[in-house]
Amino acid sequence: MALQLRPNCEYCDRDLPPDATDARICSYECTFCADCVETKLSNVCPNCGGGFAPRPIRPTQEWRPGVCTTRQAPSDKRVHLKYSVEDVAAHCARIRDVPPERR
């Protein structure tokens, strides 16, 4: 099963195409841009509390049969936070000093 590759930052709604080098994901595939992860979220996923890693880039060329963006298309469903900006800020402030591997 391939990553969902969501098309936008859930915080600021910035476009994050499949080849975006500034896309970040948590272990649940929540997707944010690097700027929001660093400046607004303090590396805390506002949905699950986990940390972030760079989202891998799915190859556009089919190097192996069936494995590329045309065979496993990225999602076109935009996802948005279900929490208020104030709630997100409080949540992130509460656990940002706990290293991601200990959350």
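What counts, and at which threshold
Residues numbered from 1 in each chain as written. Predicted model: local features only at pLDDT ≥ 70, side-chain atom pairs only at ≥ 80, totals over all residues. Heavy atoms only, no water. Helix = DSSP H or I, 4+ residues; strand = E, 2+ residues; numbered from the N terminus. Buried < 20%, exposed > 50% of the residue type's maximum accessible area, 1.4 Å probe, protein only. Contact = heavy atoms within 4.5 Å. Polar contact = N/O pair within 3.5 Å; in protein donor to acceptor, adjacent residues only side chain to side chain. Salt bridge = Lys/Arg side-chain N within 4 Å of Asp/Glu carboxyl O.

- Looking up the protein chain in an unreviewed UniProt entry gives the name Urease, with the organism given as Bradyrhizobium diazoefficiens SEMIA 5080.

## Comments concerning the environment of Asp 15
Reasoning step 1: Note that Asp 15 resides in the segment before strand S1 (23–25).
Reasoning step 2: The class for Asp 15 is exposed, based on a relative accessible area of 52%.
Reasoning step 3: Measuring from C-alpha to C-alpha, the distance between Asp 15 and Arg 102 comes to 31 Å, with 87 residues separating the pair along the chain.
Reasoning step 4: With sequence-adjacent residues up to four places away left out, Asp 15 is seen in contact with Pro 7 and Arg 78.
Reasoning step 5: Within the structure, the side chain of Asp 15 is placed 2.9 Å from the side chain of Arg 78, a separation counted as a polar contact.

## Here we look at the pattern of salt bridges
Reasoning step 1: Per the counting criterion, the structure on display carries five salt bridges.
Reasoning step 2: Between Asp 13 and Arg 78 there is a salt bridge, with the nearest N and O atoms lying 3.1 Å from each other. In this pair, Asp 13 is assigned in the segment before S1 and Arg 78 in the loop between strand S3 (53–54) and helix H2 (85–95), connecting sequence segments 65 residues apart.
Reasoning step 3: A residue is classified by how much of its surface remains accessible, and Arg 78, at 34% relative accessible area, is partly exposed.
Reasoning step 4: Residue Asp 15 is joined to Arg 78 by a salt bridge in which the shortest nitrogen-to-oxygen separation is 2.9 Å. Pair noted here: Asp 15 is in the segment before S1 and Arg 78 is in the loop between S3 and H2, with a separation of 63 residues, a long-range link.
Reasoning step 5: The network of salt bridges with common partners includes Asp 13, Asp 15 and Arg 78.

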